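# Secondary and tertiary structure notes
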Amino acid sequence: INAGVPLVRSLATLQTQTESQAFKKHIAEIAKDIEGGTSFAEALDKHSSVFSPVYINMVRAGEAGGILDDILKKLAVQQEKDASIRKKFKSAMAYPSVLIFITFSVFIGLMTFVVPKIGKIIIDLGGENAEVPTLTRAMLAISGFMTSKWYILVAVTFLTVFFLRRFLKTPEGRRKRDKLLIRIPVLKTVVIKVAVARFARTFASLMSAGVSVIESINITSKAVGNSLVEDELLAAAKEVAEGQPFSVPLANSKIFPPIVSQMLAVGEETGQIGEILIKVADFYEEEVDATVESLSSILEPIMIVVMGAMVGLIAASVIGPISNLSSQI
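The structure reproduced in this document is the subject of the present report. Quick caveat: nothing in here was measured; it's all calculated off a predicted structure.

### So, the side chain of T291
- Mapped onto the elements, T291 comes out in helix α14 (residues 273–328).
- With relative accessibility at 13%, the residue T291 sits in the buried group.
- A polar side-chain atom of T291 sits 3.3 Å from a polar atom in the side chain of K193.
- Every residue in contact with T291, bar those within four places of it in the chain, is listed here: T189, V190 and K193.

### A word on the packing of aromatic side chains
- A full pass over the atoms with the stated rule returns ten aromatic pairs.
- Aromatic side chains F203 and F246 sit 5.1 Å apart centroid to centroid with 50 degrees between the ring planes, which places their arrangement in the tilted category. Pair noted here: F203 is in helix α9 (residues 185–208) and F246 is in the loop between α11 (227–241) and α12 (247–251), with a separation of 43 residues, a long-range link. Here the two residues F203 and F246 agree in accessibility, since each one is buried.
- Arranged with centres 5.1 Å apart and planes meeting at 85 degrees, the rings of F283 and Y284 form a pair that is edge-to-face.
- Ring pairs connect the aromatic residues F199, F203, F246 and F256, which therefore count as one cluster.

### What to know about helix α1 (residues 7–17)
- Inspection of α1 places L7, S10 and L11 among the buried residues, and these make up the whole buried set. Burial along α1 is one-sided: seen end-on, the buried residues are contained in an arc of 100 degrees. In α1, the exposed residues that point more than 90 degrees away from the buried face are R9 and T16.
- Of the surrounding elements, those touching the buried residues of α1 are α2 (21–35) and α3 (40–45).

Analysis parameters
Residues numbered from 1 in each chain as written. Predicted model: local features only at pLDDT ≥ 70, side-chain atom pairs only at ≥ 80, totals over all residues. Heavy atoms only, no water. Helix = DSSP H or I, 4+ residues; strand = E, 2+ residues; numbered from the N terminus. Buried < 20%, exposed > 50% of the residue type's maximum accessible area, 1.4 Å probe, protein only. Polar contact = N/O pair within 3.5 Å; in protein donor to acceptor, adjacent residues only side chain to side chain. Contact = heavy atoms within 4.5 Å. Phe/Tyr/Trp six-rings, centres within 6.5 Å; stacked < 30°, edge-to-face > 60°. Arc of directions from axis to C-beta.

As structure tokens, then:
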């Protein structure tokens with residue numbers, strides 16, 4: 001677009017280069033709609049499952065202002081920043097996730113293969129009426145249930161995951177999930193910083209594209225990805241509609257740090273909201289990187305300790321009785 005290539009021809013080029021077959025179909029349908037006289041934004045709006053409201057509204061503003069190439073550049077930067085944050089978070093969580101999987105695998109392996117055999121040894125040494133500690137009896141009971149009623153555990157796990165995923169897709173489920181994330185001490189910092197960075201970059205892009213303040217707030221609230229932040233932004237939009245500057249309701253926010261409202265107030269005074277919020281977004285994206293790295297370094301030793309404690313608990317519950325019975329013999 002920036003080089004002066006017509007929109008339909010640009011889409012045809014993209015369609016040829018795109019590896020995803022599903023996305024190729026979307027691009028082909030968009031190009032066909034544009035050839036039929038539909039605007040680019042309206043064509044994108046028919047594929048709202050692929051293109052977010054932020055994307056569609058920014059393209060609409062770019063077409064209206066004749067700055068579509070600049071808007072697409074801003075969208076590209078925004079998409080790359082979001083993808084970078086997600087990639088770094090997944091990368092940081094990879095090792096702890098592997099440790100969690102290994103921990104549960106070791107626990108299941110010990111409880112289904114090792115503990116039953118050791119339980120048999122205890123009975124052989126001490127008889128059916130052998131006195132064993134409470135911890136050992138509990139471990140043997142859990143092991144017996146896992147080996148004899150494994151299908152119940154599998155069914156309960158499957159149903160729990162299935163219904164939990166369905167519940168989290170509902171508005172109430174998302175709200176409860178977001179409230180829980182905000183209450184967890186370490187994750188709370190990451191969640192807030194990610195939400196602030198996404199808000200600042202998205203709102204700045206919409207304002208730079210010429211979208212009105214209230215419409216920008218409403219669109220941004222849905223793009224942040226956190227229902228609590230969305231509620232605060234929608235409440236702020238109502239106050240802005242009544243004549244308040246946007247920085248005023250944000251100053252009373254329980255989620256947004258004070259620096260956001262202060263920087264926004266400076267932007268409102270100088271007429272440079274977009275430029276200032278981009279600086280806020282850059283700052284918080286760097287903060288997210290540092291926090292995610294520290295989160296990973298904290299979780300790794302915690303998971304190692306948990307795995308060691310779990311294995312040690314099982315070992316203590318089975319080695320003690322065998323040692324006592326052996327000394328009695």
